[in-house]
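Geometric and topological summary
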Amino acid sequence: MSARKKPASLDLSAAIHEAWTTNDRVTGFLVASLPETVWRAPLPGESRRTVRSIAAHLHNSRCHWIRTLGAEFGIAVPASVDPARVTRRQLSAALNRSSRGMLGLIALGAGNGGRIPASSAYTWRNLPLDLGHFLAYFAAHEGHHRGQIVMAARQLGHRLPVAVTGGLWQFTRLSKGPGGRRRRR
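Calculation rules
Residues numbered from 1 in each chain as written. Predicted model: local features only at pLDDT ≥ 70, side-chain atom pairs only at ≥ 80, totals over all residues. Heavy atoms only, no water. Axes fitted to C-alpha atoms, helices over the stretch in contact; angles between N-to-C directions. Helix = DSSP H or I, 4+ residues; strand = E, 2+ residues; numbered from the N terminus. Parallel < 35°, antiparallel > 145°, perpendicular 65-115°, else oblique. Left-handed = near helix turned anticlockwise from the far one by under 90°. Contact = heavy atoms within 4.5 Å. Nonpolar A, V, L, I, M, F, W, Y, C, P; charged D, E, K, R; others polar. Buried < 20%, exposed > 50% of the residue type's maximum accessible area, 1.4 Å probe, protein only. Phe/Tyr/Trp six-rings, centres within 6.5 Å; stacked < 30°, edge-to-face > 60°. Lys NZ or Arg CZ within 6 Å of the ring centre and 35° of its normal. Salt bridge = Lys/Arg side-chain N within 4 Å of Asp/Glu carboxyl O.

1. A look at the packing of helix α1 (residues 12-33) against helix α3 (residues 51-70)
Look at α1 against α3: their axes get within 10 Å of each other, and the N-to-C directions meet at 150 degrees. Judged by the inter-axis angle, α1 sits roughly antiparallel to α3. When you trace α1 past α3, the crossing you get is left-handed. Every residue of α3 that contacts α1 at Trp20, Asp24, Thr27 and Val31 is listed here: Ala55, Leu58 and Arg62. Class assignment for the residues of the contact of α1 with α3 results in four nonpolar, one polar and two charged.

2. Concerning unusual backbone geometry
Notably, arginine 125 is not glycine yet its phi reads approximately 55 degrees, a positive angle. Among the structural elements, arginine 125 can be located in the loop between α4 (88-110) and α5 (131-155).

3. Observations concerning the environment of alanine 55
Relative to the helices and strands, alanine 55 resides in helix α3. Alanine 55 sits in the buried class, given a relative accessible area of 1%. Expressed as a C-alpha distance, the spacing of alanine 55 and glutamine 148, which sit 93 residues apart in the sequence, is 9.7 Å. Aside from chain neighbours lying at most four places away, what touches alanine 55 is Val31, Trp39, Leu91 and Ile149.

4. Details of the packing of aromatic side chains
Throughout the structure, instances matching the rule amount to seven aromatic pairs. Here the aromatic rings of tyrosine 137 and phenylalanine 138 are separated by 4.9 Å at their centres, their planes lie at 80 degrees, and the arrangement is edge-to-face. The exposure class of phenylalanine 138 is buried, given its relative accessible area of 2%. Taken together through their ring pairs, the aromatic side chains of Trp65, Tyr122, Trp124, Phe134, Tyr137 and Phe138 make up a single cluster. Taking the ring centre of phenylalanine 29 as reference, the NZ or CZ of arginine 173 above it sits at 5.7 Å.

5. Considering the pattern of salt bridges
Tallied over the full model, the rule gives six salt bridges. A salt bridge links aspartate 24 to arginine 62; the nearest nitrogen and oxygen atoms lie 2.9 Å apart. Pair noted here: aspartate 24 is in helix α1 and arginine 62 is in helix α3, with a separation of 38 residues, a long-range link. Classification of aspartate 24 by relative accessible area gives buried; the value is 11%. A residue is classified by how much of its surface remains accessible, and arginine 62, at 1% relative accessible area, is buried. Salt bridges here are not isolated pairs; linked through shared partners, they connect Asp24, Arg62 and Glu142.

Keep in mind these values describe shape, not function.
Here you go:
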C-alpha cells in the first residue's frame, strides 16, 4: 500500500467567513445591477411592496439578527433603512455595514468553539447557533429573496440580462475581491 498524503486541514472559521463574504457579494452584485425602473416598481399584485422593499429587507433582517444575537456581546448594530425610500447606492453602503456585523457574529461564534452564544434577546430559539446552521440559514434567506427579485423583474417585463442572472451563480469570481484576487483576512 502506498502512503497517502494527509490533506491540509481546513480552517472552518475562515471558510465560513469567506462563504458569508461571497454570499454578501452576490447580494451586492444583484442590487447594483438592477435597473431603476425595476427598483421602484410595485410588485405584481401588491400595491405597497417593491423590489426596493425586498432588497431593503435583506439589510434590515441582518440588522435585526445582529441586534438580537450580537448587541449584548458588543457587536455594533447598523441602522435599518427605510424600505420605501432607500436608494440602491444607500442600500449598497448599508449592506456593507450589515455584512461587517454578520462577520462579527461569525467571529463571535468562532471564538466560542463554533457556536454563537445565545443572548438574552434570543427568544425565538428556532435557529441552531452553530456556525454551519447560521451560514446555511442566512445564505438560504438571501438566496430566496434574490430569486424573488429576479422573478419580479421578469413579471414586470424587465427580464434581467444573462450577465446579471448568470452572474448570480459566479461564486468563484465573486469569492475574489476587486481585482480578481482572493482577499486575506
